[in-house]
Amino acid sequence: MLPYESFVEKLSRDFDSIPETSEIKSGVIFPLFGSNTTAEGIILTERAKHLKSHPGQISFPGGVMETSDSNLLVTALREWEEEMGVKQTTLDVLGKLEGLHTRTGFHITPFLAKYNGDFSFSKNVDEVERVILLPFSELWIKPFYAIEIPNREPKHFAYYFDLPDGLLWGATCEMILRFLKAHSSFDRTPKLVKPNLAKPPFLDPKSL
């Protein structure tokens, strides 16, 4: 559990700036749940299995910036409503986290938010397979792996958590790890393993 007072004041409140990059820009909500004073976990989604992009992957609610969006927070909140089926008023936006460049040409800006609703989501079945509530405690005890990305200098690693709800990996996993390392006592060292799949996610922990 993480007391909000331990990290909220460290967050950026610059919601209007847009990254100067030629990459595809996207915004996501990094939604926390818990009590009024303490964050106990993260709300995630499993993407619908019929989607062309990252089908079945565990991810944050969010998406690509549209020309009508004045900034990326607007993007993230719009996508929250579309995917989760609840109003953005169920969120208290706490701040902006560091953006992430992906190997697939995207720049993702995560916005940390406290969820104040009753968990009665009306998920968009065209986009969301299911809603996942991930307690922080799971990230301290569940299997944690890393693989080295080939042909990258300096060395770069992809990280994985083998969770009861599925495999947490990719950009979502990277953003969660950044948050934990910056604002919690998380200091786990992943088990370095070899890829055992020829395509994403490149790792099947059940076959190690």
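If you're wondering where the values come from, they're calculated on a predicted model, not measured in any experiment. (Residues numbered from 1 in each chain as written. Predicted model: local features only at pLDDT ≥ 70, side-chain atom pairs only at ≥ 80, totals over all residues. Heavy atoms only, no water.)

A.B. asks: Looking at this structure, how should I read the overall build of the protein chain?
C.D. replies: On a plain count of helices and strands, the protein chain comes out with three helices and 13 strands. For a compact globule of 208 residues, the expected C-alpha radius of gyration is about 17 Å, and the protein chain comes in at 17 Å, within 12% of that figure. C-alpha atoms of the protein chain, sized along the principal axes, occupy 45 × 35 × 35 Å. Taken across its 208 residues, the protein chain has 48% of its residues classed as buried. Contacts spanning at least 24 positions in sequence make up 64% of the contacts within the protein chain whose residues lie at least 6 apart. Accessible surface computed for the protein chain: about 10900 Å², of which carbon and sulfur atoms make up 51%. (Helix = DSSP H or I, 4+ residues; strand = E, 2+ residues; numbered from the N terminus. Rg over C-alpha atoms; globule rule 2.2 N^0.38 Å. Buried < 20%, exposed > 50% of the residue type's maximum accessible area, 1.4 Å probe, protein only. Contact = heavy atoms within 4.5 Å. Areas by Shrake-Rupley, 256 points an atom, 1.4 Å probe, with all protein chains shown as cover.)

A.B. asks: Hey, could you run me through the packing of aromatic side chains in this one?
C.D. replies: What characterises a pair of aromatic rings is the spacing of the ring centres plus the angle enclosed by the ring planes. If you walk through the whole model with that rule in mind, you get 18 aromatic pairs. Ring centres of Tyr 160 and Trp 169 lie 6.2 Å apart, and the angle between their planes is 15 degrees; this geometry places the pair in the stacked category. Trp 169 matches Tyr 160 in its accessibility class, with the two residues each being buried. Cluster of aromatic residues (ring-pair linked, three or more members): Tyr 4, Phe 7, Phe 30, Phe 60, Phe 136 and Phe 179. Sitting above the plane of the Tyr 4 ring, Lys 114 keeps its charged end 5.0 Å from the centroid. The ring of Tyr 159 has Lys 181 sitting right over it, with the charged end atom 5.4 Å from the ring centre. (Phe/Tyr/Trp six-rings, centres within 6.5 Å; stacked < 30°, edge-to-face > 60°. Lys NZ or Arg CZ within 6 Å of the ring centre and 35° of its normal.)

A.B. asks: Sorry if this is basic, but what is going on with helix α3 (residues 170-183) here?
C.D. replies: Residues spaced three or four apart along an α-helix point in a common direction, a consequence of the helix completing one turn every 3.6 residues. In a regular helix each residue adds 1.5 Å, so 14 residues correspond to 20 Å; α3 covers 20 Å between its end C-alpha atoms and thus fits that length. By the burial criterion, the buried members of α3 are Thr 172, Cys 173, Met 175, Ile 176, Leu 177, Phe 179, Leu 180 and His 183. (Expected span 1.5 Å × (residues − 1).)

A.B. asks: Would you mind going over the side chain of His 107 with me for this structure?
C.D. replies: Mapping His 107 onto the fold places it in strand β8 (residues 106-115). Residue classification places His 107 among the buried positions, given a relative accessible area of 7%. Those residues within four positions of His 107 in sequence are excluded, and the remaining contacts are Pro 19, Thr 21, Glu 23, Ile 24, Lys 25, Ser 26, Gly 99, Leu 100 and His 101.

A.B. asks: What is the right way to read the pattern of salt bridges from this model?
C.D. replies: It is possible for side chains of opposite charge to pair when their charged atoms get near one another. Under the definition given, this model contains 10 salt bridges. Among the ionic pairs, Glu 79 bridges to Arg 78, the shortest N-O distance being 3.1 Å. Relative accessible area serves as the criterion here: at 8%, Glu 79 is assigned to the buried category. Assessed through its relative accessible area of 16%, Arg 78 is described here as buried. Its salt-bridge partner being Glu 82, residue Arg 78 comes within 3.5 Å of it at the nearest N-O pair. Remark: Glu 82 and Arg 78 occur in helix α1 (residues 72-84); sequence separation between them is four residues, near one turn of the helix. Judged by its relative accessible area of 37%, Glu 82 falls in the partly exposed class. Among the charged side chains, a network of salt bridges with common partners joins Glu 66, Asp 69, Arg 78, Glu 79 and Glu 82. (Salt bridge = Lys/Arg side-chain N within 4 Å of Asp/Glu carboxyl O.)

A.B. asks: Before we go on, may I ask you to explain the UniProt feature "domain: Nudix hydrolase" (unreviewed entry) in the protein chain in this structure?
C.D. replies: UniProt records the feature "domain: Nudix hydrolase" (unreviewed entry) for residues 23-157 in the present numbering. As annotated, residues 23-157 comprises 14% helix and 43% strand, and the C-alpha atoms at either end are separated by 21 Å. (UniProt positions renumbered as here; feature names shortened; annotations may be inferred.)

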